[in-house]
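# Breakdown of the fold
One letter stands for each residue in the lines below.
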There are 2 protein chains.
Amino acid sequence: MQIRRFADSDWPSVWPIVRDVIQAEDTFAVDPGLTSEQAYDFWVDGHTVVAVNDAGEITGTAHMDANRPARGSHIATASFMVSSAARGQGVGEAMVRYALDWAREQGFSGMQFNAVVETNTSAVKLYERLGFRIIGTVPGAFDHPVKGRVGLHIMFIGF
Amino acid sequence: MQIRRFADSDWPSVWPIVRDVIQAEDTFAVDPGLTSEQAYDFWVDGHTVVAVNDAGEITGTAHMDANRPARGSHIATASFMVSSAARGQGVGEAMVRYALDWAREQGFSGMQFNAVVETNTSAVKLYERLGFRIIGTVPGAFDHPVKGRVGLHIMFIGF
């Protein structure tokens, strides 16, 4: 597996991953009806990368950037999406590790996730295993399509 | 004191308030060098209001909106700025109460503040007095110009 910078020519492979994740509506508070163009504007932002498997297929994507401007710009943030076909293969972990390495190299002092859906337990466990902790949980802040209103974790790791 | 909708003709009175707050760099993670036009785009967003004193002077401004789109759109957020000349006169409290009333009337289920600088104790105390609680604090996430790296509180009130 390789993580490399996103190129515009990757979008036809990345868009189905983004589309499936936002249409599932269970992990991101994003309009599930975004067009390809709107989804591109939403996703391709900051330092955007793709995960590529040994067959050359794109199995995941991530973007990362400063979480806030100016006096908050020393803390990074990142988001991750893995194709449904590639889950459980370590793609997410590889991308989170990449993002942490990227943030350290860029001189950030930590990384914050602003809204991790608490029922997305595989992500929460992964982030905790890599050193993030839950700063707090906003109760009922995410309207899960199956589970109803569930919490959104703020998660953080300091470097 | 009156709270009313912002009109574009208010901007010449609102801009000095916004400019002073962002140039102080102690409460908002926003580029202090924003031009008037950039500050307008930053501030005049969602439901934007001004506080007007009995002499007809604008003493404060606030904006409020959904905190997130789609599955997160049932939680509101808001930001507040008070002119330095009018601090300690209840302008902030009047605007927070207005925002809470507005959010309830709009059918939101709660209000979240994403980044309250922990050293801004007058704001933190006001929010707590009006029913907000600190969900958690991201350590060192705000680089205060005098106090160095201080925490950013996530604050929340459910309706």
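So, a few notes on the structure that sits alongside this text.

Turning our eyes to something else, we now look at the relation of the copies chain A and chain B. Once turned by 180 degrees and shifted 0.0 Å along the axis, chain A lies on chain B with an RMSD of 0.0 Å. What we have between these two chains is a two-fold relation. Considering only C-alpha atoms, the part of chain A nearest the rotation axis is glycine 136 of chain A, at 2.3 Å. A symmetric contact is evident, with 100% of the interface residues of chain A recurring at the interface of chain B.

Residue and element names in this part refer to chain A. Ordered by their spatial adjacency, seven strands build an open sheet running E1-E2-E3-E4-E5-E7-E6, and the pairing between neighbours is mixed. Single-partner strands in this sheet number two, and they are strand E1 (2-5) and strand E6 (133-144). Going across the sheet, the axis of each strand differs from the next one's by a mean of 25 degrees, ignoring polarity. Looking at chain direction, E1 and strand E2 (residues 47-52) are connected through four bridges and run antiparallel. Bridge pairing in E2 places arginine 5 opposite valine 49.

Contacts between chain A and chain B engage 31 residues on the former and 32 residues on the latter. Buried surface at the junction of chain A and chain B, summed over both partners, amounts to about 2,500 Å²; 58% is from carbon and sulfur atoms. Put simply, chain A and chain B have four salt bridges between them. For arginine 71 of chain B, the salt bridge identified is with aspartate 143 of chain A, shortest N-O distance 3.7 Å. Every element with two or more residues in the side of chain A that touches chain B is listed here: strand E5 (110-117), E6 and strand E7 (148-158) of chain A. Per-element accounting of the side of chain A that touches chain B gives the leading share, eleven residues, to E6 of chain A. Each residue belonging to the side of chain A that touches chain B can be placed in one class, and the counts come to 15 nonpolar, nine polar and seven charged.

Cut-offs applied
Residues numbered from 1 in each chain as written. Chains lettered and ligands numbered in written order. Predicted model: local features only at pLDDT ≥ 70, side-chain atom pairs only at ≥ 80, totals over all residues. Heavy atoms only, no water. Least-squares fit on C-alpha atoms with pLDDT ≥ 70 in both. Contact = heavy atoms within 4.5 Å. Pairing = 2+ DSSP bridges. Helix = DSSP H or I, 4+ residues; strand = E, 2+ residues; numbered from the N terminus. Axes fitted to C-alpha atoms, helices over the stretch in contact; angles between N-to-C directions. Buried area = accessible area lost by both parts, 1.4 Å probe. Salt bridge = Lys/Arg side-chain N within 4 Å of Asp/Glu carboxyl O. Nonpolar A, V, L, I, M, F, W, Y, C, P; charged D, E, K, R; others polar.

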